[in-house]
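One letter stands for each residue in the lines below.
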Amino acid sequence: MAATSGKIVQNVFVSQCLQLNRQFSPQSQRDSVAPSVRKLLPSHQGKLAWTAISSVQLRTLSKHQNDNIIQRNILCNASASATAVPYLDKVDFLKLQNGSDIRGVAVDGVEGEPINITEPVAEAIGAAFAAWLVEKKKSEASRSLRVSIGHDSRISAKLLQNAISRGLAGAGLEVVQYGLASTPAMFNSTLTKDDAFLCPVDGSIMITASHLPFNRNGFKFFTNAGGLGKADVGDILERAADIYNQFTAESIMNSEEKTLSSVKRVDYMTVYTSDLVKAVRKAAGNMEKPLEGFHIVVDAGNGAGGFFAAKVLEPLGAITSGSQFLEPDGLFPNHIPNPEDKTAMKAITQAVLDNKADLGIIFDTDVDRSAAVDSTGREFNRNQLIALMSAIVLEEHPGTTIVTDSVTSDGLTTFIEKKLGGKHHRFKRGYKNVIDEGIRLNSIGEESHLAIETSGHGALKENHWLDDGAYLMVKILNKLASARASGIGGGSKVLTNLIEGLQEPAFAVELRLKINQNHPDLKGGSFREYGEAVLKHLDNTIGSDPRLQKAPVNYEGVRVSGYGGWFLLRLSLHDPVLPLNIEAPSNDDAVKLGLAVVGAIKEFAGLDTSALNKFVGLEAS
């Protein structure tokens, strides 16, 4: 790895070049902003309150920032040398890993959240991905490798796109920028065969931080084998740290203009959306406008999903008036683009009711998650979305196994297995865990066609196991279109009927029990070791209570049934937290389950149980 990375370091182009003794740091950039623009930026305890800036104001600021970048590069070119760069901030690259994604802070303005994804950091990550990809594709070393880059609507997206492009292009790879795109489209670009659109690419990078706040950003990586896993992302970050620490002023021998002039730009989203349209038409017997007469509203939350109304629904004949927040705006001024968020779901539900629409569709920021609402305002998200997709898939593949994450309800299991005749395989949290488990089951001969998490990440075997929120909605549209083609009317009632009989819990709550990493009980050990000790003790204690029954098959944490409901205590994938999910027929039954947990873990003083104690009434509200 070191040899490959070292070779690429020699070609890496560093646009930020020395940052001129921090002369053009984020703070000094703001100080140098023209007074007329600076007045637009209200401060809060020395930090910029970016959320107060309008889109128009932001565009003005962005233009000035781009001018600043050019000025920095001119000054850098005048002082190039072969010495190491002493001016770059120290960065712990491994802390940027979030499972199979990279995430961090890219924009200043939130107190206590310093920037850790700068342009040089992004450039190093681009070069590291190049090194990783060259190594993986060494059997194809006779040709130049090609990487596509896309981004969501975040305000830091274009700067990071250009920075990561420099890392890739400096390493000798061909770079194709897609601009505003969806995460699923980026993966698809590794599969599409179309020379006119420079496809297929060898690797792909999506710049996104999903539904996280405006100041965050990050990266997802793909090859034609799918999204990169945790181990590969860790490998890339190790390489990036190596490269970052070896940046030299010699790296700027080639100008930024020369580097970026080699970057190609392609409107790949036209290919991606065309494929979605074709899929619906095919399901309806090749009708040109199978959704004609349907009124469907879209809420993109000002993320990257605004294309769905004009580029997918309207060519299929649907009426899309009343669709909202389709314009990209990285400050997300209307609501968080998150199908799990109550405010977001209320917004799309209200839009459906106000417009008397047949269906509402909502996406997260980068369109790998989605949810829907029927004409009466009934939500298809979380357990309901899983139930709906299970019903559709099990009609096509009777008896198949549906893989979900660990926090799905007992009612969903009953629905899938008793009503639909399928098998429910409840696995671990984390969309990549769920998808990989679906792939694994097929590899050992157990047929599985759907892997879906309660967050709205859903992947189908027929779609290369890609978690694609737009494709999930296409499957739902297929159902509407095929029902219409078969002479079945009733709008979205055909969807609602598919989940008739799904028992939803009357009461559901999630409580987060934090582990105090500085508590003496941890004895210098990791929070993960302490959390595992809590779970082991709970597992042993619960086994002696005749009113409670442990789940016979369980892959994560401790799951227990009792009092007509269930609870699951598990260790967070990334944080020093033990989330506790409880579902029950009533609040009283949920409290009884909560008290059982309290009694079992009370001796763990390093665990903050205040939220649980408050829930069960042991602490004042």
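Residues numbered from 1 in each chain as written. Predicted model: local features only at pLDDT ≥ 70, side-chain atom pairs only at ≥ 80, totals over all residues. Heavy atoms only, no water.

**Q** Explanation requested: the overall build of the protein chain in the structure shown.
**A** Across its full length, the protein chain carries 21 helices and 24 strands. Contacts spanning at least 24 positions in sequence make up 71% of the contacts within the protein chain whose residues lie at least 6 apart. As displayed, the protein chain offers around 25400 Å² of accessible surface, 50% of which is attributable to carbon and sulfur atoms. (Helix = DSSP H or I, 4+ residues; strand = E, 2+ residues; numbered from the N terminus. Contact = heavy atoms within 4.5 Å. Areas by Shrake-Rupley, 256 points an atom, 1.4 Å probe, with all protein chains shown as cover.)

**Q** Sorry, what's going on with the packing of helix α14 (residues 383–396) against helix α15 (residues 410–419) here?
**A** For the pair α14 and α15, the least separation of the axes is 10 Å and the interaxial angle reads 10°. One way to sum up the angle between α14 and α15 is to call them roughly parallel. From α14, Asn383, Ile386, Ala387, Ser390 and Leu394 reach across to α15, where they touch Leu412, Phe415 and Ile416. Considering only residue class, the contact of α14 with α15 consists of 6 nonpolar, 2 polar and no charged. (Axes fitted to C-alpha atoms, helices over the stretch in contact; angles between N-to-C directions. Parallel < 35°, antiparallel > 145°, perpendicular 65-115°, else oblique. Nonpolar A, V, L, I, M, F, W, Y, C, P; charged D, E, K, R; others polar.)

**Q** For this particular structure, what's the right way to read the confidence of the model for the protein chain?
**A** Low pLDDT marks regions whose predicted coordinates should not be analysed in detail. With 83% of its residues at a pLDDT of at least 70, the protein chain reaches an overall mean of 85. Between residues 1–83, whose pLDDT stays under 50, and residues either more than four places distant or in other chains, the model counts 137 contacts. (pLDDT = per-residue confidence, 0-100.)

**Q** Help me out: how do you make sense of the pattern of salt bridges in this one?
**A** Pairing between side chains of opposite charge can happen when their charged atoms approach one another. Counted under the stated rule, the structure contains 27 salt bridges. One salt bridge connects glutamate 288 with arginine 281, and the closest N-O pair in it is separated by 3.2 Å. The class of arginine 281 is buried, set by a relative accessible area of 19%. If you follow the salt bridges from partner to partner, you end up with Glu340, Asp364, Arg369 and Arg382 in one network. (Salt bridge = Lys/Arg side-chain N within 4 Å of Asp/Glu carboxyl O. Buried < 20%, exposed > 50% of the residue type's maximum accessible area, 1.4 Å probe, protein only.)

**Q** Is there a simple way to explain the packing of aromatic side chains in this structure?
**A** The description of two aromatic rings rests on the distance between their centres and on the angle between their planes. The full count for this structure, using the stated rule, is 12 aromatic pairs. With 5.9 Å between their ring centres and 15° between their planes, phenylalanine 129 and tryptophan 132 make a pair best called stacked. Here phenylalanine 129 and its partner tryptophan 132 are both found in helix α6 (residues 119–136), 3 residues apart, which amounts to about one turn of the helix. This pair shows no difference in class: phenylalanine 129 is buried, exactly as tryptophan 132 is. (Phe/Tyr/Trp six-rings, centres within 6.5 Å; stacked < 30°, edge-to-face > 60°.)

**Q** It is not clear to me how the sheet that holds strand β11 (residues 296–299) should be interpreted in this structure. Could you clarify?
**A** Two modes of strand pairing occur in sheets, parallel and antiparallel, and in both the strands are linked by backbone hydrogen bonds. Ordered by their spatial adjacency, 4 strands build an open sheet running β11-β12-β13-β14, and the pairing between neighbours is mixed. The sheet is open, and its two edges are formed by β11 and β14 (379–380), each paired on a single side. Of the strand pairs in this sheet, β11 and strand β12 (residues 359–363) are connected by 4 bridges, and their pairing is parallel. What sits directly across from aspartate 299, in β12, is isoleucine 362. Contacts between helix α17 (residues 469–485) and the sheet are confined to β11, β12 and β13 (370–374), with β12 contributing the most and set at about 170° to the helix. (Pairing = 2+ DSSP bridges.)

**Q** Please clarify how the packing of α6 against helix α9 (residues 230–245) should be interpreted in this entry.
**A** Helices that pack against each other are described as a pair by the angle of their axes relative to one another and the distance between those axes. Packing of α6 against α9 leaves a shortest axis separation of 8 Å and a crossing angle of 120°. What the angle tells us is that α6 and α9 run oblique. When the axes of α6 and α9 are compared, the crossing they make is right-handed. Contact residues: α6 offers Pro120, Val121, Ala124, Ile125, Ala127, Ala128, Phe129, Ala131, Trp132, Glu135 and Lys136, while α9 offers Asp232, Asp235, Ile236, Leu237, Arg239, Ala240, Ile243 and Tyr244. Grouping the constituent residues of the contact of α6 with α9 by class yields 14 nonpolar, no polar and 5 charged. (Left-handed = near helix turned anticlockwise from the far one by under 90°.)

**Q** Please explain unusual backbone geometry as it appears in this structure.
**A** Working note: non-glycine residues mostly have negative phi, and peptide bonds are mostly trans. Proline 200 follows cysteine 199 through a cis peptide bond whose omega is 5°. Positionally, proline 200 belongs in the loop between α8 (183–188) and β7 (203–207). One non-glycine residue, valine 367, lies in positive phi territory at about 70°. Positioned with a positive phi, histidine 464 is a non-glycine residue whose angle comes to about 60°. Looking at the element boundaries, histidine 464 is found in the loop between β18 (458–460) and α17. Given a relative accessible area of 49%, histidine 464 falls into the partly exposed group.

**Q** I would appreciate a short explanation of the side chain of serine 572 in the present structure.
**A** Locating serine 572 in the fold gives a position in the loop between β22 (565–569) and β23 (577–584). Given a relative accessible area of 9%, serine 572 falls into the buried group. Setting aside its immediate chain neighbours within four residues, serine 572 contacts Arg528, Val577 and Pro579.

**Q** Would you mind going over the sheet that holds β18 with me for this structure?
**A** The strand order β16-β15-β17-β18 describes an open sheet built from 4 strands, whose pairing is mixed. Edge strands, defined here as strands with exactly one partner in the open sheet, are β16 (423–426) and β18. Direction aside, neighbouring strands of the sheet carry axes that sit 20° apart on average. As judged from the 4 bridges shared by strand β15 (residues 401–404) and strand β17 (residues 448–452), these two strands associate in the parallel manner. Its bridge partner being in β17, threonine 404 is matched across the sheet by isoleucine 452. Here α14 sits on the sheet and contacts β15, β17 and β18; the angle it forms with β17, its principal contact strand, is near 170°. Most of the contacts of α15 go to β16, to which it runs at about 145°, and overall it touches β15 and β16.

**Q** Just checking my understanding: could you explain the pairing of β16 for this structure?
**A** Looking along a regular strand, one sees the side chains alternate between the two faces of the sheet. When β15 meets β16, the two strands line up parallel, connected through 4 bridges. Residue isoleucine 402 lies in a different strand from β16, and its bridge partner there is histidine 424. Viewed along the sheet, the connection from β15 through α15 into β16 turns out right-handed. (Right-handed = clockwise from strand over helix to strand, strands pointing away.)

**Q** In this structure, what is going on with helix α13 (residues 342–354)? I would like to understand it.
**A** Helix length check: α13, at 13 residues, gives a terminal C-alpha distance of 18 Å against a target of 18 Å (1.5 Å per residue), a fit within 8%. Among all positions of α13, only Ala344, Met345, Ala347, Ile348, Thr349, Ala351 and Val352 are buried. Check the buried side of α13 and you find it contacts β11, β12, β13 and β14. Its side-chain oxygen at 3.2 Å from the backbone nitrogen of threonine 343, aspartate 341 defines the N-terminal cap of α13. Positive backbone phi, approximately 50°, marks lysine 356, located one or two places after α13. (Expected span 1.5 Å × (residues − 1). Polar contact = N/O pair within 3.5 Å; in protein donor to acceptor, adjacent residues only side chain to side chain.)

**Q** Looking at this structure, how should I read the nonpolar core?
**A** Proteins that are soluble and globular tend to have nonpolar side chains buried together. Among the nonpolar cores identified, the biggest contains 70 residues, and Leu291, Phe308 and Leu477 are the most heavily contacted of them. With 10 residues, α17 is the largest single contributor of residues to this core. If we ignore the near neighbours within four places in the chain, the residues touching leucine 291 are Ile296, Leu313, Leu316, Gly317, Ala318, Leu477, Leu480 and Ala481. Ile102, Ile149, Leu173 and Phe214 belong to the second-largest nonpolar core, a separate cluster that totals 42 residues. (Core = buried A, V, L, I, M, F, W, Y, C linked by side-chain atoms within 4.5 Å.)

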